[in-house]
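Chain by chain, the residues run as shown.
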Amino acid sequence: MEYKVEAHRIMSISLGKIYNSRVQRGGIKLHKNLLVSLVLRSARQVYLRDYYGGICLSAQQAREWCEGEYMDSEQDKLVPGSTESLPESDGQSEVAVDKQEPGNVVESHAALDVESEASGEQDHAENGVLDLGCSELKTPEESLEASPTCEVSNVVTTISSNCISGPPPSNPKQAAETPNGCQTDDGESVEENLHEPIVPHTCTNRKRSAEDSELTDSLPKKTKVMSSTLISKNDEKKVDTEEMDTSNVSSLITIFGSSFSGLLSSEDGAQPDSEAEDSDSGQICCDQMLKNLNPWSTAIVAF
Amino acid sequence: FLLAFPSITLIRTVRFLPLFHVLISVKGPWIPVSLFLVYKIKTQMDEEIDTRKINNSFLRDHNYATEADIISTVEFNSTGELLATGDKGGRVVVFQREQESKNQPHRRGEYNVYSTFQSHEPEFDYLKSLEIEEKINKIRWLPQQNAAYFLLSTNDKTVKLWKVSERDKRPEGYNLKDEEGRIRDPTTITALRVPVLQPMDLMVEATPRRVFSNAHTYHINSISVNSDYETYMSTDDLRINLWNLEITNRSFNIVDIKPANMEMLTEVITAAEFQPSQCNTFVYSSSKGSIRLCDMRASALCDNHSKLFEEPEDPSNRSFFSEIISSISDVKFSHSGRYLMTRDYLTVKVWDLNMESKPLETYQVHDYLRSKLCSLYENDCIFDKFECVWNGSDSVIMTGSYNNFFRMFDRNTKRDVTLEASRENSKPRAILKPRKVCVGGKRRKDEISVDSLDFSKKILHSAWHPSENIIAVAATNNLYIFQDKVN
């Protein structure tokens, strides 16, 4: 939980840095922004893992998830199953489970089960990753109230969900649907599932149906993938540019002004637009721009 | 007979205040530093000689005065006689070592200001609406071949070759011009004379001999002169270009790591250097912590490395900031050419060119910062690019840290020391005592705790004399020169 908050904070800071880099003297520095985008991606991976647990679930999504099979019966199956499938992962992902808005009953139930697991696994694995030492544990309610930055984070998670290279948001409810036996290392299908951003954003409702069908498949795989992702920093799947949620992109663009189509579509968070500005002048600049144009950023490209 | 006028008008006078000379020695026989000189580079904003054009003044805010004094590079020339510093304001200051005199044996070889000139100006790229900083990123000296000195200085986009020469004679007795340079009325000339060279006060002038521009799309981070003394390379984030020192309108691209699709970018080049004795070999370091050695004989475009030096990451140290702290900020060949030294955020590593799998030696510079990476990320300190230097015999390596600390590591004895470049702690004939950072709870008397470190005082740039134990350390806008104790 605290890791999620920390990840959220780091994401906000990273975005601030990227934004400020636009007005710094000397132009946008490619190296620094690349590093910041890598941090942003790492933080987002951690954040999303809990995010799928439903920090900022929309009501509709929450309802859907709570319907029928996502309920208590799965909880029992889930918890031991989760521990099996997350041998190396920490307890945070399970702690994150209990953040569903509706179903407080579910929450507490999950929390009870989860905490027993969490205590066992807390000290494991991700201490290196997430032991940032600068955040406090917050209750689910408090973290839900992190709304000032929620919009930014929502946007970020949407934007960067394309960039997922395998963080398995172990939503136990969803995972329960498919017993955790499956260990498919099908990177392709994972990617595709991820391309449908499982974004608990109030605006993004239209992808829900697609999500549901894929979530159940994707999550168990993601749980496996996550543990390996944490270890191998170079384990990056090249994600093709996917259709983004236009509203989220627009809000991000509004925040940054321009020049961030790269962050939207690239897993590495490079900034091709800014690069385009930096890149070869004249004719080549135009070509670069054209290559990187996304429909919604057309208006933003100045040259 | 043509006079070569310096083409740059000095916009600001720079005052140097040699504060005091102190004799200091360090405990421990293997690190001799003693004589202590401080030069404080201070800008004097002189209104009447402010001849800035409109576009420059648009870019330059007078508040930058202090920031413009921050030293951004330090470099000894190949004999150690000259020491050049570049600052954020685009100025280069060259110091020259005094000749040792029998009259004053105790003032052995101090460095005095030799020449000052404005190397780069702030520019504005109108096409891309980009401001180009005038900060001097690197200075590299050329080997001396005649009485004049040559150095290359670069900012983000343009490399310039400067000639620093002395003039102690001037021609007098022109026919068509009078002594002030005014044209004489030809009707008043009744006789012809031959101009003669008359002695004058020694003047050191710097003239730009070559300007190598428009070759880099991204920010230049390093330059390196080849041992063939004919070529040099300039490196930006994604490309390395090879130049001939004589030819400014053409360069050859020898490394290009720009991906076809910029969205696939994962690493950038952070530094590059030629091997000191083999003119076909060079290395470049990346933001992912790897170093590639390339041989220019293999192909015109050296995208395929001959050797790849990389150490697998320790998974137990994984954090959000692993990528940042593994990015290499500096790479230096040893004088022998056999070893490579790399600096990342927390460590210095020495590599053997014959072993690619892991470094020969790893030295922790300030490992106590590992738990503070989050805060250092917030205040941008984690992006600081520290440099590292070898001593003349390749037995000691030195690098900077925070709180004006700098560290030296003796590779043979495996001993290390932390020293501080600060005037407050130094008195005449005092011992420069080693400093220590305390990490645990219990702090001893002379130790400083990690939380008390001043992260705004960082030593990023330093230089070691090529043959003697003289070091130049840049601490923000102060230049400290430490020297051997004279017995």
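In this text the structure is predicted, and so the values were computed from the model without any measurement. (Residues numbered from 1 in each chain as written. Chains lettered and ligands numbered in written order. Predicted model: local features only at pLDDT ≥ 70, side-chain atom pairs only at ≥ 80, totals over all residues. Heavy atoms only, no water.)

## Notes on the overall build of chain A
In terms of helices and strands, chain A carries 16 helices and zero strands. Per-residue burial over chain A gives 61% buried out of 303 residues. Residue pairs at least 24 apart in sequence account for 82% of intrachain contacts in chain A once pairs closer than 6 positions are excluded. Summed over all atoms, the accessible surface of chain A reaches about 10800 Å², with 53% contributed by carbon and sulfur. (Helix = DSSP H or I, 4+ residues; strand = E, 2+ residues; numbered from the N terminus. Buried < 20%, exposed > 50% of the residue type's maximum accessible area, 1.4 Å probe, protein only. Contact = heavy atoms within 4.5 Å. Areas by Shrake-Rupley, 256 points an atom, 1.4 Å probe, with all protein chains shown as cover.)

## Here's the deal with the sheet that holds strand β11 (residues 159–172) of chain B
Residues and elements named next belong to chain B. Overall, antiparallel pairing links the four strands, which are arranged β9-β10-β11-β12 in an open sheet. With partners counted over all chains shown, the strands left at the sheet margins are β9 (138–141) and β12 (196–212), one partner each. Within this sheet the neighbouring strands show an average axis-to-axis angle of 25°, counted without direction. Pairing of β9 with strand β10 (residues 149–154), which is carried by four bridges, proceeds in the antiparallel orientation. When the bridges of β10 are listed, W141 appears paired with L151. (Pairing = 2+ DSSP bridges. Axes fitted to C-alpha atoms, helices over the stretch in contact; angles between N-to-C directions.)

## Looking at unusual backbone geometry
Residue and element names in this part refer to chain B. Although it is not a glycine, Y229 adopts a positive phi angle of roughly 60°. Judged by its relative accessible area of 46%, Y229 falls in the partly exposed class. The phi angle at T476 is positive, at roughly 55°, despite the residue not being glycine. Counting through the fold element by element, T476 comes out in the loop between β32 (471–475) and β33 (478–482).

## Considerations on the packing of aromatic side chains
Residues and elements named next belong to chain B. In total, this model carries 19 aromatic pairs over all chains according to the counting rule given. Note on F117 and W162: the rings are 4.4 Å apart at their centroids and 35° apart in plane angle, and the pair reads as tilted. Of this pair, F117 sits in strand β6 (residues 111–118) while W162 sits in strand β11, and the two are 45 residues apart along the sequence. With a centroid separation of 5.1 Å and an interplanar angle of 40°, the aromatic rings of F321 and Y377 are classed as tilted. A residue pair is termed long-range when its members are at least 10 positions apart, and F321 in the loop between β20 (307–309) and α3 (322–326) and Y377 in helix α4 (residues 373–378) qualify at 56 residues. (Phe/Tyr/Trp six-rings, centres within 6.5 Å; stacked < 30°, edge-to-face > 60°.)

## Considerations on the environment of V196(B)
Residues and elements named next belong to chain B. Structurally, V196 can be placed in strand β12. Using a relative accessible area of 41% as the deciding quantity, one classes V196 as partly exposed. For the pair V196 and G173, spaced 23 residues apart in the sequence, the C-alpha separation amounts to 6.5 Å. Residue contacts for V196: discarding those within four places in its chain leaves R170, P171 and E172.

That's the geometry; what it means functionally is another story.
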